Amino acid sequence: MGTNGSTMLKPLRQGLPPLDPAAVSDAASCALPARYEAVREARRFTRGTLDQWDLGDRFDDICLVVSELVTNALRHALPADAGCAERSAPVRLHLMRWTGRLVCAVRDPSHETPVPRDSDDFSAESGRGLFLVDSFADSWGWHPLAGTLHGKVVWAMFRLQPAG
């Protein structure tokens, strides 16, 4: 793990985390408005969902990652010159739980690859979030949406301790 800079942060550009969608034991999602208050809404939704799933003890790590993913999605979902139609572009947060894993996935309308910025970059503000995601999640990646859907999904996976 001693690599430095962006070399350690090659996100997995693969369909989804290596998990069987049919085996999901719980799933929840919420649509987020294209406004920065959406980060607060995402945190509230995550807190409620994790409490419901008895995972409240993982809230801090998971919520930090959710906040970063949603912030990044909003940054790309809110182009400065966008008209009204663009501003309603859906950012969606999905939380999915398997027996030993939890995945947070955030969908946004941008096709840009999520790229961590080097920290000496003048725009470092926007790159640091992915370093946090990389530090707190067990793995993360992204994939473009298929078919008629525009945009991409960025996901982060957390390993869960067996109960008890």
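Criteria and thresholds
- Residues numbered from 1 in each chain as written.
- Predicted model: local features only at pLDDT ≥ 70, side-chain atom pairs only at ≥ 80, totals over all residues.
- Heavy atoms only, no water.
- Helix = DSSP H or I, 4+ residues; strand = E, 2+ residues; numbered from the N terminus.
- Buried < 20%, exposed > 50% of the residue type's maximum accessible area, 1.4 Å probe, protein only.
- Contact = heavy atoms within 4.5 Å.
- Core = buried A, V, L, I, M, F, W, Y, C linked by side-chain atoms within 4.5 Å.
- Polar contact = N/O pair within 3.5 Å; in protein donor to acceptor, adjacent residues only side chain to side chain.
- Phe/Tyr/Trp six-rings, centres within 6.5 Å; stacked < 30°, edge-to-face > 60°.
- Lys NZ or Arg CZ within 6 Å of the ring centre and 35° of its normal.

(A) Representation of the overall build of the protein chain within the structure. In terms of helices and strands, the protein chain carries four helices and five strands. Every one of the 164 residues in the protein chain was classed for burial, and the buried ones make up 42%. Taking the contacts inside the protein chain whose residues are at least 6 apart along the sequence as the reference set, 68% of them involve residues at least 24 apart.

(B) Quick look at the nonpolar core. Core analysis: the biggest nonpolar cluster contains 33 residues, and L32, V66, V70, L93, L102, A156 and F158 have the highest contact counts within it. Elements represented by at least two residues in this core include exactly β1 (26-32), α1 (38-52), α2 (59-77), β2 (91-97), β3 (101-108), α4 (128-136), β4 (139-144) and β5 (152-159). Here this core takes nine residues from α2, the largest share from any one element. L93 has contacts with A28, S29, C30, L32, A42, F45, T46, V66, A105 and V106, leaving out every residue within four places of it along the chain. Within the second largest apolar cluster, seven residues are counted, among which are V103, A105, V153 and W155.

(C) Fine view of the environment of H111. Examined against the element boundaries, H111 turns out to sit in the loop between β3 and α4. Judged by relative accessible area, H111 falls into the exposed class, the value being 51%. Taking the C-alpha atoms as reference, H111 lies 4.9 Å from G151; in sequence the two are 40 residues apart. Contact partners of H111, with chain neighbours within four places excluded, come to H150 and G151. In terms of polar contacts, H111 uses its side chain to reach the backbone amide nitrogen of G151, at 3.5 Å.

(D) Structural view of the packing of aromatic side chains. Applying the stated criterion across every chain yields a total of zero aromatic pairs. Its end group placed over the ring of F59, R47 keeps NZ or CZ at 3.6 Å from the ring centre.

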